[in-house]
Amino acid sequence: MSDAVTKTLCPYCGVGCGLEVVAGAKVRGDRAHPSSLGMVCVKGATVLEALDKDRLLYPLYRASLDQPFARISWDAALDLIVERIRQVLHTTGPDGLCLYGSGQWQTEDYYVAQKLVKGCLGTNNFDTNSRLCMSSAVAAYTASFGSDGPPCCYADLEHTDCAFLIGTNTAECHPIVFNRLRQHHKKHSHVKLVVVDPRRTATAAVADLHLAIRPGSDIYLLHGIAHLLIAWDVIDHRFIAQHTTGFAPYQQIVKKYHPQLVADACGIDPAALVQAAQWWAESQAVLSLWSMGINQSREGTAKAQSLINLHLLTGQIGKPGAGPFSLTGQPNAMGGRETGGLAHLLPGYRWVTNPDHRREVETHWQLPPGSISPQPGRTAWQIIEGLETGAVQMLWIAATNPAVSLPHLERVKAALARSPFTVYQDCYFPTETSAYAHLLLPCAQWGEKTGTMTNSERRVTLCQAFRAPPGEAKADWEIFAEVGRRLGFAQQFAFHTSAEVFAEFAALTQGRPCDLSGMSHERLARLGPLQWPCPAGCTDAAARQDKRLYTDHRFLTPDGRAHFGLADALGVAEVPDDEYPLVLTTGRLYGHWHTQTRTGRIPKIQQMHPQPFVEIHPSDAERWGITDGALITVTSRRGTVQLPAKVTPDIAPGTLFTPMHWGALWHPSAAANALTHPAACPTSQQPELKACAVRIAAATPPPAAKTPERPPSDPAPATGPTRESRQEPPL
Ligand SMILES: Nc1nc2c(c(=O)[nH]1)N[C@H]1C(S)=C(S)[C@@H](COP(=O)(O)OP(=O)(O)OC[C@H]3O[C@@H](n4cnc5c(=O)[nH]c(N)nc54)[C@H](O)[C@@H]3O)O[C@H]1N2
Ligand SMILES: Nc1nc2c(c(=O)[nH]1)N[C@H]1C(S)=C(S)[C@@H](COP(=O)(O)OP(=O)(O)OC[C@H]3O[C@@H](n4cnc5c(=O)[nH]c(N)nc54)[C@H](O)[C@@H]3O)O[C@H]1N2
Ligand code: SF4
Ligand SMILES: [Mo]
């Protein structure tokens with residue numbers, strides 16, 4: 001272990017705070033990092049504590065899920081993969097193969113995986129958990145501006161005079177972005193903070209205006225604001241005429257959204273709607289922030305476009321303090337987009353359906369024309385459907401825990417159990433998904449491999465390794481490259497270091513919207529984190545500047561104009577009825593990260609959030625005879641959970657909220673996704689994880705409470721979870 005200070009990035013959320021690791025043993029905020037200026041939240045501050053707990057150290061294999069795992073060598077593991085790939089190519093063809101990856105990979109991992117699957121194996125069946133997270137934002141930016149890419153930068157947080165936060169609990173989920181905004185808000189009394197969320201979250205609690213709308217009613221609200229701005233004639237006629245298309249039909253649509261209709265649909269006071277519209281109209285620079293309350297919806301793309309519409313209507317884009325800013329969830333969700341980490345994308349913001357794009361990538365990869373399939377591959381949910389029909393013959397999962405995070409878990413688990421061959425690459429053991437794997441591959445995680453990640457403001461940070469991977473763990477990109485070489489693609493995977501991988505990727509972005517061809521590991525180490533666009537040949541001074549997109553108001557559509565989105569409001573897919581009268585929404589808590597693979601193993605965070613719960617409004621609690629702390633059963637058409645009730649006026653009447661963090665390893669009956677459904681946005685295919693219809697009842701008291709046990713912490717497991725432990729979590 002070196003005594004030196006290693007500069008890196010926090011591996012949790014998309015804020016992308018710079019960290020300094022001292023002597024491999026202490027972590028502190030990096031004051032020189034332009035995104036976070038030395039700040040960190042509790043997750044960043046405690047990240048080192050999970051690195052040595054319950055790690056998967058060696059490849060483990062079993063021929064079928066009812067057998068115990070046995071340790072095998074890397075050589076044998078890679079042979080098994082190569083053999084199986086050849087067999088599937090021979091019998092089913094390339095589309096029998098699927099890779100399901102993650103926004104928690106480094107860019108280098110993503111890029112090598114892309115090259116292997118979409119280039120060498122010839123299938124686009126490569127999706128990631130970003131499908132559950134960012135795909136609506138990608139689709140909305142692309143439809144409105146002609147390209148993906150959040151146009152804003154964090155400096156805008158200090159330049160805005162109206163921050164419009166919708167479907168984002170920024171205080172808990174993007175804490176350092178929120179700190180920056182909140183400091184600016186506190187310092188300047190004219191700055192307004194508007195929060196749109198069915199819950200009175202920590203974010204809403206400090207807002208000047210909180211619109212506690214019904215889940216799924218966002219488009220009513222956004223069109224309602226547009227209606228008023230047009231009626232008051234406070235729109236930017238010049239911007240609309242010179243830089244947009246679609247205004248006339250948009251105006252027709254929003255005409256219907258009278259304040260009373262909107263207030264009724266959203267369950268808010270019409271005066272609050274008028275206030276929000278007034279602040280939007282009066283402000284010099286309006287910055288909107290959004291995340292999962294918008295994206296995770298069956299009309300996610302339309303919701304995000306309806307928000308972007310308000311910026312087009314008022315010319316609030318391409319200037320300091322203004323613009324529609326999608327906050328990315330995972331630390332490298334952005335890098336995933338840059339490298340083409342969804343089933344319809346290719347590296348450099350390219351599309352598999354575009355023949356020129358395929359050709360450019362094939363040439364770069366030195367592959368023959370026609371190597372990349374023109375068909376978009378299976379999305380996350382379509383992979384599950386493919387397992388159900390038998391179309392998917394080999395599933396390779398890495399850096400995600402789908403046995404907790406996908407909707408309709410009972411169906412997901414049944415499908416995973418049918419998979420003829422599942423390879424699972426993770427750092428920890430067990431996770432809920434390891435119960436469904438035939439082959440487990442131990443991975444190096446943050447701090448154990450050097451690579452890059454891009455945060456929400458398009459800033460790329462070099463994350464340097466400061467410790468060796470434990471046991472026989474390897475970086476994901478090394479595993480993909482070795483499989484590629486063994487399949488006969490020696491030339492394509494002749495990488496020795498991740499810096500070489502990055503260099504090849506960066507060159508492929510030249511001239512693209514996400515041009516980072518002016519970056520290299522060496523330059524990032526020398527200059528520190530850099531935003532794109534950063535074209536080859538740019539000077540150090542230019543590379544270091546804060547950058548916004550669309551400052552010239554020229555968009556990336558063929559006509560150079562931004563397009564108004566033209567969707568009417570639909571509401572949620574599963575409308576409450578007599579049988580299932582309430583809407584359940586799901587989300588996150590400040591301390592925990594997703595399925596707890598890291599944060600569940602950190603005592604301070606466990607103490608902060610000791611158990612799951614379901615929030616219920618006092619009026620609903622009274623109606624169903626539920627007292628605070630009582631155990632209740634929550635049932636949807638797909639499953640049931642039992643949780644302690646948290647009776648609180650912070651949730652809108654008719655709505656319930658439960659966190660997503662407790663899968664089967666951490667609680668016997670709390671998985672939010674036991675209840676959710678897979679109905680998705682038709683454009684982005686992002687599932688509506690934020691709303692399903694449920695009913696509730698007081699549960700019979702539980703048996704005498706047992707002390708919850710943590711998952712087994714044997715650092716070198718000889719056997720994995722058995723079939724029994726798959727059905728009955730070790731609690
Ligand atoms: N602490 C913590 N931080 C994280 C993560 C974590 O696991 N823990 N994960 C990261 C990731 S990957 C992501 S994607 C982000 C997510 O960040 P956020 O999107 O901020 O988090 P969520 O809690 O999923 O959802 C945000 C809010 O949406 C509200 N909401 C639900 N339905 C609707 C609706 O119909 N309309 C509106 N307007 N709001 C609605 C919920 O009440 C919730 O407060 O967080 C990132 N940061
Ligand atoms: N109900 C409901 N469901 C949701 C959501 C919701 O709001 N509500 N949110 C959705 C969203 S936005 C997201 S992003 C997903 C997140 O869901 P998941 O991706 O399933 O959650 P994580 O717990 O972050 O799983 C990441 C895994 O990757 C491993 N890992 C970390 N780094 C590496 C690495 O470098 N290599 C490898 N091989 N493994 C690594 C970790 O050990 C961990 O097991 O959940 C989605 N599901
Ligand atoms: S705000 Fe996000 S990136 Fe920053 S320390 Fe917290 S979890 Fe890490
Ligand atoms: Mo996410």
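Undergrad: Could you clarify how one ought to interpret the overall build of the chain in this entry?
TA: Scanning the chain from N- to C-terminus turns up 26 helices and 28 strands. Compactness check: the chain gives a C-alpha radius of gyration of 25 Å against a globular reference of 27 Å for 731 residues, within 12% of the reference. With the principal axes as the frame, the chain shows a C-alpha extent of 70 × 70 × 55 Å. The proportion of buried residues among the 731 residues of the chain is 64%. Taking contacts inside the chain between residues at least 6 apart in sequence as the whole, the part at least 24 apart equals 74%.

Undergrad: Could you clarify how one ought to interpret the site of ligand 3 in this entry?
TA: Every residue lining ligand 3 is accounted for by C10, Y12, C13, G16, C17, V40, C41, K43, G44, P175 and I176. Class assignment for the residues of the shell around ligand 3 results in 8 nonpolar, 2 polar and 1 charged.

Undergrad: I keep staring at the pattern of salt bridges and nothing clicks. Help me out?
TA: A pair can form between side chains of opposite charge whenever their charged atoms are brought close. Applying the stated criterion across every chain yields a total of 34 salt bridges. With a closest N to O distance of 3.2 Å, E472 and R71 form a salt bridge. Of the two residues, E472 sits in the loop between β20 (459–463) and α20 (476–486) while R71 sits in strand β5 (residues 70–71), which places them 401 residues apart along the sequence. Using a relative accessible area of 47% as the deciding quantity, one classes R71 as partly exposed. Taken together, the salt bridges that share partners define one network made up of D75, D79, E482, R485 and R486.

Undergrad: How should the domain arrangement of the chain be read in this particular structure?
TA: One frequent convention defines the size of an interface as the accessible area lost when the parts assemble. For the chain, the assigned domains read domain 1 (5–50), domain 2 (60–64 + 83–125 + 331–544), domain 3 (153–321) and domain 4 (582–698). Inter-centroid distance (C-alpha atoms) of domain 1 to domain 4 is 30 Å. Across the contact, 9 residues belong to domain 1 and 12 residues belong to domain 4. Between domain 1 and domain 4, a total of about 930 Å² is buried, with carbon and sulfur atoms accounting for 71% of that surface. The largest per-residue losses of area from domain 1 upon contact with domain 4 belong to Y12, V42 and K43, which jointly make up 54% of the total buried on that side. Counting every contact that joins domain 1 to domain 4 gives 0 salt bridges. Across the domain 1-domain 4 interface, the total number found is 2 residue pairs in polar contact (both at pLDDT 80 or more). Here the side of domain 1 that touches domain 4 is composed, by residue class, of 6 nonpolar, 1 polar and 2 charged.

Undergrad: In this structure, what is going on with the nonpolar core? I would like to understand it.
TA: Soluble globular proteins: nonpolar side chains tend toward being buried together. If you look at the biggest cluster of nonpolar residues, it comprises 158 residues, and the most contacted ones within it are F164, L211, L313 and W396. With near-sequence residues (within four places) excluded, L313 lies in contact with A226, L229, I230, I235, D236, I240, F247, Y250 and F564. Counting residues in hydrophobic clusters, the runner-up holds 29 residues, among them L56, L132, V392 and L440.

Undergrad: Explain the pairing of strand β3 (residues 26–29) to me, please; I cannot follow it from the model alone.
TA: Side-chain direction in a regular strand flips from residue to residue, so the side chains alternate between the two faces of the sheet. Burial along β3 is one-sided: V27 and G29 are buried, and none of K26 and R28, which face the opposite way, are. A loop of 3 residues connects strand β2 (residues 18–22) with β3, the two strands running antiparallel in sequence, and A23 in this loop sits at a positive phi of about 55°.

Undergrad: Even after reading the chapter, I still don't get the pairing of strand β23 (residues 582–587), so can you show me in this structure?
TA: Across the 6 residues that make up β23, a large majority, 6, are buried. Going residue by residue along β23, you find L582, L584 and T586 tucked away on one face and V583, T585 and G587 tucked away on the opposite face as well. For β23 and strand β28 (residues 692–698), the ladder comprises 3 bridges, and the chain directions are antiparallel. Residue pairing across strands places L584 opposite C692, the latter belonging to β28. Sheet topology note: the β23/strand β27 (residues 655–659) ladder contains 5 bridges and is parallel. Bridging across to β27, T585 finds its partner in F657.

Undergrad: What's the story with the sheet that holds strand β17 (residues 422–426) in this structure? I'm lost.
TA: For sheets, the rule is that strands pair by backbone hydrogen bonds, running either parallel or antiparallel. Read from one edge to the other, the open sheet built from 7 strands follows the order β5-β4-β18-β17-β16-β6-β7, with strand pairing classed as mixed. With one partner strand each, in any of the chains shown, β5 and β7 (126–128) form the two edges of the open sheet. Alignment of strand β6 (residues 97–101) against strand β16 (residues 394–398), held across 4 bridges, turns out to be parallel. Bridge assignment links C98 to a residue of β16, and that residue is L395. The sheet strands contacting helix α3 (residues 107–121) are β6, β7 and β16, and the helix crosses β7 at an angle near 150°.

Undergrad: Quick question: what am I supposed to make of the confidence of the model for the chain here?
TA: Predicted coordinates in areas of low pLDDT are best not read in detail. Mean pLDDT over the chain: 95, with 95% of residues reaching 70 or higher. Taken as a whole, residues 705–731 scores under 50 in pLDDT and shows 57 contacts with residues more than four places along the chain or in a different chain.

Undergrad: Please clarify how the packing of helix α8 (residues 218–231) against helix α11 (residues 259–266) should be interpreted in this entry.
TA: Packed helix pairs are specified by the crossing angle of their axes together with the interaxial distance, meaning the distance between the axes. One way to put it is that α8 packs onto α11 with a least axis distance of 9 Å and a crossing angle of 160°. Taken together, the axes of α8 and α11 are roughly antiparallel relative to one another. Considering the relative orientation of α8 and α11, their crossing is left-handed. Counting all contacts with α8, which are made through Y220, L221, G224, H227 and L228, the residues of α11 involved are P259, L261, V262, A265 and C266. Residue composition of the contact of α8 with α11, by class: 8 nonpolar, 2 polar and no charged.

Undergrad: Would you mind showing me how to read the site of ligand 1 here?
TA: By nearness alone, 34 residues border ligand 1, and D197, G216, D218, R588 and H592 come closest of all. Here G167 contributes a backbone N or O atom positioned 3.3 Å from a nitrogen atom of ligand 1. At 2.8 Å, a backbone N or O of N169 approaches an oxygen atom of ligand 1. Taken together, the residues that form the shell around ligand 1 break down as 11 nonpolar, 15 polar and 8 charged. Shared between two domains, the shell around ligand 1 takes at least three residues from each, and those domains are domain 3 (153–321) and domain 4 (582–698).

Undergrad: Help me out: how do you make sense of the packing of aromatic side chains in this one?
TA: The geometry of an aromatic ring pair is captured by two quantities: the separation of the ring centres and the angle between the planes. Tallied over the entire structure, the rule returns 21 aromatic pairs. Aromatic side chains F164 and W280 sit 5.3 Å apart centroid to centroid with 70° between the ring planes, which places their arrangement in the edge-to-face category. Of the two residues, F164 sits in strand β8 (residues 162–166) while W280 sits in helix α12 (residues 270–282), which places them 116 residues apart along the sequence. F164 gets classed as buried once you look at its relative accessible area, which sits at 1%. With a relative accessible area of 1%, W280 lands in the buried category. Their ring planes at 20° and their centres at 4.7 Å tell us that Y250 and F564 sit as a pair that is stacked. Of this pair, Y250 sits in helix α10 (residues 247–255) while F564 sits in the loop between β22 (562–563) and β23, and the two are 314 residues apart along the sequence. Accessibility expressed as a relative area gives 0% for Y250, which makes it buried. On the accessibility criterion, F564 (4% relative accessible area) is buried.

Undergrad: When you look at the sheet that holds strand β1 (residues 5–9) in this model, what are you seeing that I'm missing?
TA: Taken in spatial order, the 3 strands make up an open sheet running β1-β2-β3, and their pairing is antiparallel. The sheet is open, and its two borders are formed by β1 and β3, each paired with just one other strand. Across this sheet, the average inter-strand angle for adjacent strands is 30°, counted without regard to direction. Looking at chain direction, β1 and β2 are connected through 5 bridges and run antiparallel. Bridging across to β2, T8 finds its partner in L19.

About the cut-offs
- Residues numbered from 1 in each chain as written.
- Chains lettered and ligands numbered in written order.
- Predicted model: local features only at pLDDT ≥ 70, side-chain atom pairs only at ≥ 80, totals over all residues.
- Heavy atoms only, no water.
- Helix = DSSP H or I, 4+ residues; strand = E, 2+ residues; numbered from the N terminus.
- Rg over C-alpha atoms; globule rule 2.2 N^0.38 Å.
- Buried < 20%, exposed > 50% of the residue type's maximum accessible area, 1.4 Å probe, protein only.
- Contact = heavy atoms within 4.5 Å.
- Near = heavy atom within 4 Å.
- Nonpolar A, V, L, I, M, F, W, Y, C, P; charged D, E, K, R; others polar.
- Salt bridge = Lys/Arg side-chain N within 4 Å of Asp/Glu carboxyl O.
- Domains from an automatic or database assignment.
- Buried area = accessible area lost by both parts, 1.4 Å probe.
- Polar contact = N/O pair within 3.5 Å; in protein donor to acceptor, adjacent residues only side chain to side chain.
- Core = buried A, V, L, I, M, F, W, Y, C linked by side-chain atoms within 4.5 Å.
- Pairing = 2+ DSSP bridges.
- Axes fitted to C-alpha atoms, helices over the stretch in contact; angles between N-to-C directions.
- pLDDT = per-residue confidence, 0-100.
- Parallel < 35°, antiparallel > 145°, perpendicular 65-115°, else oblique.
- Left-handed = near helix turned anticlockwise from the far one by under 90°.
- Phe/Tyr/Trp six-rings, centres within 6.5 Å; stacked < 30°, edge-to-face > 60°.

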